[in-house]
Amino acid sequence: MSSSPPLGGIRVLEFAGLAPGPFAGLLLADYGAEVIRIDRAAAPSTAGTPPAPTPDQLTRRKTSISVDLKSSGGIALIKALIPHVDVVIDPYRPGVLEAAGLCPTVVLRRLNPRLIVARMTGFRRDGKYAAMAGHDINYLAVAGVLGMLGRRGEKPYAPGNILGDFAGGGAVCFVGILLALLERMRSGLGQVVEANMVDGSAFMATFPRLAMRGPLWDRERGHNVLDGGCPYYDTYETKDGKFMAVGALEDKFFAALLHGLSISPSSLPGPRTDRTTWPHLHTLFTTTFKRKMRAEWEAIFDNTDACATPVLSQAELAAAGHDQRPLVTLQGTPGFAVSEGEPGRAAAVGQGLGVAGGGWAERGLAPGEGGEEVLARWVGWQRGLQFGVEGGGLVVLERERGRESKL
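The numbers attached to residues start from 1 for each chain and follow its sequence in the written order. Local features in this predicted model are restricted to residues whose pLDDT is 70 or higher, and side-chain atom pairs enter the listing and the counts only when it is 80 or higher, whereas totals over whole chains, interfaces and linings include all residues. Excluding hydrogens and water, the side-chain values take into account all heavy atoms of the structure.

Going by the annotation in an unreviewed UniProt entry, the name recorded for the protein is CoA-transferase family III domain-containing protein, with Phyllosticta citrichinensis given as the source organism. UniProt positions are given in the numbering used here, feature names are shortened, and annotations may be inferred rather than shown by experiment. Under the UniProt heading Sequence similarities (unreviewed entry), the note attached to the protein is "Belongs to the CoA-transferase III family."

This is the structure in structure tokens:
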């Protein structure tokens, strides 16, 4: 029998931002933390309809309150909440919280010494890029990671925004929060966690950076073993325009690959480790894989050690009912399920019923959705008693501000 997720009871305020901050909040929510997103004030339309969901799709299990950070009443409300929360996620450029009167060290942690303030920036908080705008591609570029990615003879290739925003950004920030929570168990004190996507993505590239000192990655982009230069670590198009992925690095796996492709080892121009044979092998494998449909190659290579698998699309996985699972499985205290399912599911899938869409679609989260109910549960606040609404944003009522100022 598994118990509740490991972060149950942790309360999080997440200032609304782009991908990395919300992703860190999503990971916390998946493992039991209760996350309120702080959205910009959004007044109802003239027709009286509530605000539409924001573009943020990383909203699983979160609620929202709307607050105007330029309003004294809104800032007072956030300050009044701080003593009751464990984690604040700051996704802004350096200086934004300070300008709003919410400096993590001078204000927030004085209100709550146990508070963990996780600050997520793109560039480092110091150095020449600190005040500049940027996106994933820029952070990878100055981290030295982007220059390592791409085919031979071609320009550097940005792999979506996975390495910067999510791996080097949100996931790294999540790890920092967990470390700070562990330290708080020992010291009783919170701290400021600083994460940035330059250092995060550079750290994710530790292995290839170190491998540049040896034969695995000692050549220019696209000529190395793991970056498309090696014919037995590459992708190949099949007869139906789909693709197979090949990763037959070891001798026994390479032998299994040749067997599945019906290629005699004696027909090769030399040892596979001889790089002068690589152009021939690339051509041979390209020609061979195009002779059969992907499903045919799957039937040949399934349950073998050839390290040859289909390149599946997200649409294929969704159509097949593939279950999206939490980031990591804790057998005793698993995170919440991502996929829709039944009660009593295995811990490896996560506990609970999951969410609508099963990880393939998110209904989104409208500003102000569900947050007031959570405030009532956390601190007993009710609209009209402790807080009101001005210009679409929550504010501490005037009679309550005296109490907040004494905190």
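Enquirer: It is not clear to me how the pattern of salt bridges should be interpreted in this structure. Could you clarify?
Expert: Between side chains of opposite charge, a pair can form as their charged atoms come close. Salt bridges are counted wherever a side-chain nitrogen of Lys or Arg sits within 4 Å of a carboxyl oxygen of Asp or Glu. Under the criterion given, the structure shown has 22 salt bridges. The partner of Arg 119 in a salt bridge is Asp 90, and the shortest N-O contact between them spans 2.7 Å. Residue Arg 119 is found in strand E5 (residues 116–121), and its partner Asp 90 is found in strand E4 (residues 87–90); the two are separated by 29 residues along the sequence. For each residue, the accessible area found with a 1.4 Å probe, counting protein chains only, is set against the maximum for its type, and the residue is called buried under 20%, exposed over 50%, and partly exposed in between. Given the relative accessible area of 1%, Asp 90 is considered buried. With a shortest N-O distance of 2.6 Å, Asp 323 and Arg 325 are connected by a salt bridge. Members of the salt-bridge network, linked through shared partners, are Lys 242, Arg 294, Glu 298 and Glu 316. Strands are runs of DSSP state E lasting at least 2 residues, helices are runs of H or I lasting at least 4, and numbering of each runs from the N terminus.

Enquirer: For this particular structure, what's the right way to read the packing of helix H1 (residues 20–30) against helix H6 (residues 162–187)?
Expert: Packed helix pairs are specified by the crossing angle of their axes together with the interaxial distance, meaning the distance between the axes. Where helices are involved, their axes are fitted lines through C-alpha atoms of the stretch in contact, as for all axes, and angles between N-to-C directions lie from 0 to 180°. Where H1 meets H6, the closest approach of the two axes is 8 Å, and the angle between their N-to-C directions is 50°. The orientation of H1 with respect to H6, classified from their angle, is oblique. Both H1 and H6 take part in a crossing whose hand is right-handed. Residues Pro 20, Phe 23, Ala 24, Leu 27 and Leu 28 of H1 form the contact with H6, whose participating residues are Asp 165, Phe 166, Gly 169, Gly 170, Ala 171, Cys 173, Phe 174 and Ile 177. An angle below 35 degrees is read as roughly parallel, one above 145 as roughly antiparallel, one from 65 to 115 as roughly perpendicular, and any other as oblique. Less than a right angle of anticlockwise turn of the near helix away from the far helix marks a crossing as left-handed, whereas a clockwise turn marks it as right-handed. Whether two residues are in contact is decided by their heavy atoms: any pair within 4.5 Å suffices.

Enquirer: Got a minute to help me understand the sheet that holds strand E7 (residues 233–237) in this structure?
Expert: Hydrogen bonds between backbone groups are what pair the strands of a sheet, and the pairing can be parallel or antiparallel. Paired strands, in this sense, are two strands between which DSSP finds at least two bridges. Pairing is antiparallel across the open sheet formed by 3 strands, whose spatial order is E7-E8-E9. Unpaired on one side and paired on the other, E7 and strand E9 (308–310) mark the two borders of the sheet. Here the strands of the sheet are splayed against their neighbours by 25° on average, with no regard to which way each runs. When E7 meets strand E8 (residues 243–247), the two strands line up antiparallel, connected through 5 bridges. Bridging across to E8, Glu 237 finds its partner in Phe 243. Along the sheet, helix H10 (residues 278–289) contacts E7 and E8; its crossing angle with E7, the most-contacted strand, is approximately 40°. Of the strands in this sheet, E8 and E9 are in contact with helix H11 (residues 294–301), which crosses E8 at around 30°.

Enquirer: How do you make sense of the packing of aromatic side chains when you look at a structure like this?
Expert: The description of two aromatic rings rests on the distance between their centres and on the angle between their planes. Ring geometry is summarised as follows: Phe, Tyr and Trp rings, the Trp one being its six-membered ring, pair when their centres sit within 6.5 Å, and such pairs are stacked at plane angles under 30 degrees, edge-to-face over 60 and tilted between the two. Throughout the structure, instances matching the rule amount to 12 aromatic pairs. Here Phe 123 and Tyr 139 contribute two aromatic rings whose centre-to-centre distance is 4.8 Å and whose plane-to-plane angle is 85°, an arrangement assigned as edge-to-face. One end of the pair, Phe 123, is in the loop between E5 and helix H5 (136–142); the other, Tyr 139, is in helix H5, and 16 residues separate them in sequence. The exposure class assigned to Phe 123 is buried, which follows from its relative accessible area of 7%.

Enquirer: Please clarify how unusual backbone geometry should be interpreted in this entry.
Expert: Among all residues except glycine, the phi angle is most often negative; among peptide bonds, the trans geometry is most common. The residue Arg 61 is not glycine, and still its phi comes out positive at about 65°. Its place among the elements puts Arg 61 in the loop between strand E2 (34–39) and strand E3 (62–66). Look at Arg 61 and you get partly exposed, because its relative accessible area is 29%.

Enquirer: Would you mind showing me how to read the pairing of E3 here?
Expert: In regular strands, side chains alternate between the two faces of the sheet. For E3, the buried fraction is high: 5 of the 5 residues fall into the buried class. Alternating positions in E3 separate into two faces, Lys 62, Ser 64 and Ser 66 on one and Thr 63 and Ile 65 on the other, with burial throughout. Sheet topology places E2 next to E3; 5 bridges connect them, and they run parallel. Directly across from Ile 36, in E3, lies its bridge partner Thr 63.

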